[in-house]
Amino acid sequence: PLGDNYLTLENVDLDAGTADVYMSNTEPVGGFQISFTGADILAVSGGSSADAGFMVSSSSSMIFGFSLSGATIPAGEGTLISLTFTATDSELCFDEATMSDSAGSAIDFDLGDCYIEESAVTCDDETACNFGAEQDCQYPEDFGWCDCTGNVDDECGICDGENYCIDTSSII
């Protein structure tokens, strides 16, 4: 479980390259520096940092925010800032975060889990029993069958046969 002060990733869309950094804080925040893995950050905007008039900037893996006038983000919870990025992995994670009060003293913050993209796997092998299904391909031999209807070979090696074996060795 996360403590009283924490950051999480919300509304993540790796394909669109967007995410919100959600913050819950019990005391006013005067500045932040947050780094990420799994993305090249292109832009940052909005959220409570914009509402407080923070100057914000970013590098490819880090965002910064602070106020030149001494303004703070009040205690509460909501979107701290929105990110625009190019995904470099199938997951987006916090690397580390430094959050401070108006005097520049550190505030302890917990970081939420990585966002991991769950992609649907579709069976695209026409010879599979479940062609077109959103799951890994399944084949008769995976289940000991000889076809996709669940039939098995008879004693003669015939799929769904009736065990009538003909010995052709004596036929001239």
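Residues numbered from 1 in each chain as written. Predicted model: local features only at pLDDT ≥ 70, side-chain atom pairs only at ≥ 80, totals over all residues. Heavy atoms only, no water.

A. Region of the structure containing the overall build of the chain. A tally of regular secondary structure across the chain gives 1 helix and 11 strands. Here the C-alpha atoms of the chain give a radius of gyration of 29 Å, more than 25% beyond the 16 Å that 2.2 N^0.38 yields for 172 residues. On the principal axes, the C-alpha backbone points of the chain span a range of 105 × 30 × 20 Å. The proportion of buried residues among the 172 residues of the chain is 30%. For the chain, long-range pairs separated by at least 24 residues make up 57% of all intrachain contacts whose partners lie at least 6 apart in sequence. Roughly 10200 Å² of accessible area belongs to the chain as shown, and the carbon and sulfur atoms make up 46% of that amount. (Helix = DSSP H or I, 4+ residues; strand = E, 2+ residues; numbered from the N terminus. Rg over C-alpha atoms; globule rule 2.2 N^0.38 Å. Buried < 20%, exposed > 50% of the residue type's maximum accessible area, 1.4 Å probe, protein only. Contact = heavy atoms within 4.5 Å. Areas by Shrake-Rupley, 256 points an atom, 1.4 Å probe, with all protein chains shown as cover.)

B. Just the packing of aromatic side chains, in detail. According to the stated counting rule, one finds 3 aromatic pairs in the structure shown. On the numbers, 4.7 Å between centres and 25° between planes, the contact of Phe143 with Trp145 is stacked. Phe143 sits in the partly exposed class, given a relative accessible area of 42%. The exposure class of Trp145 is partly exposed, given its relative accessible area of 32%. (Phe/Tyr/Trp six-rings, centres within 6.5 Å; stacked < 30°, edge-to-face > 60°.)

C. View of the nonpolar core. One finds Val21, Ile34, Phe36 and Leu80 to be the most contacted residues of the largest nonpolar core, which totals 27 residues. Of all the secondary-structure elements, those providing two or more residues to this core are β1 (6-13), β2 (18-25), β3 (31-37), β4 (39-45), β7 (76-87) and β8 (91-100). Considering every element that reaches this core, the biggest residue donor is β7, with 4 residues. Apart from residues lying up to four places away in sequence, Leu80 is in contact with Leu7, Val21, Tyr22, Met23, Phe32, Ile34, Gly46, Gly47, Ser48, Ser49, Ile73 and Met99. (Core = buried A, V, L, I, M, F, W, Y, C linked by side-chain atoms within 4.5 Å.)

D. Summary view of a nonpolar patch on the surface. A cluster of nonpolar side chains, contributed by Met55, Phe66 and Leu68, occupies part of the molecular surface with about 320 Å² of accessible area. Within the secondary structure, Leu68 is located in the loop between β6 (62-66) and β7. (Patch = residues over 30% accessible without salt bridge, like charges linked within 9 Å, V, L, I, M, F, W, Y side chains within 5 Å. Salt bridge = Lys/Arg side-chain N within 4 Å of Asp/Glu carboxyl O.)

E. A look at the pairing of β3. Burial of β3 is extensive: 5 of the 7 residues sit out of reach of the surface. With 5 bridges joining them, β3 and β6 adopt antiparallel strand pairing. Looking across to β6, one finds that Ile34 is bridged to Ile63. The sheet contact formed by β3 and β8 spans 7 bridges and is antiparallel. (Pairing = 2+ DSSP bridges.)

F. Structural context of the side chain of Ser48. You can see Ser48 is positioned in helix α1 (residues 47-51). In contact with Ser48, not counting residues within four places along its chain, are Met23, Ile73, Thr79 and Leu80.

G. Inspection of the environment of Gly112 at higher detail. In this fold, Gly112 is placed in the loop between β10 (110-111) and β11 (115-116). Residue class for Gly112 comes out buried when judged on its relative accessible area of 15%. In the structure, Gly112 is positioned 106 residues away from Tyr6 in sequence and 7.1 Å away in space, judged by C-alpha atoms. Those residues within four positions of Gly112 in sequence are excluded, and the remaining contacts are Leu2, Leu7, Thr8 and Phe94.

H. Representation of the side chain of Asp154. Its place among the elements puts Asp154 in the segment after β11. By relative accessible area, Asp154 is classed as buried at 12%. Not counting the four nearest positions on each side in its chain, Asp154 is found in contact with Gly161, Glu162, Asn163 and Tyr164.

I. Spotlight on the state of the cysteines. For the structure on display, the rule yields 4 disulfides. Bridging Cys129 to Cys148, the disulfide has an S-S length of 2.0 Å. Of note, the bridge from Cys129 to Cys148 carries an S-S torsion of about -85° and is left-handed in sense. Of this pair, Cys129 sits in the segment after β11 while Cys148 sits in the segment after β11, placing them 19 residues apart in sequence. (Disulfide = S-S within 2.5 Å.)

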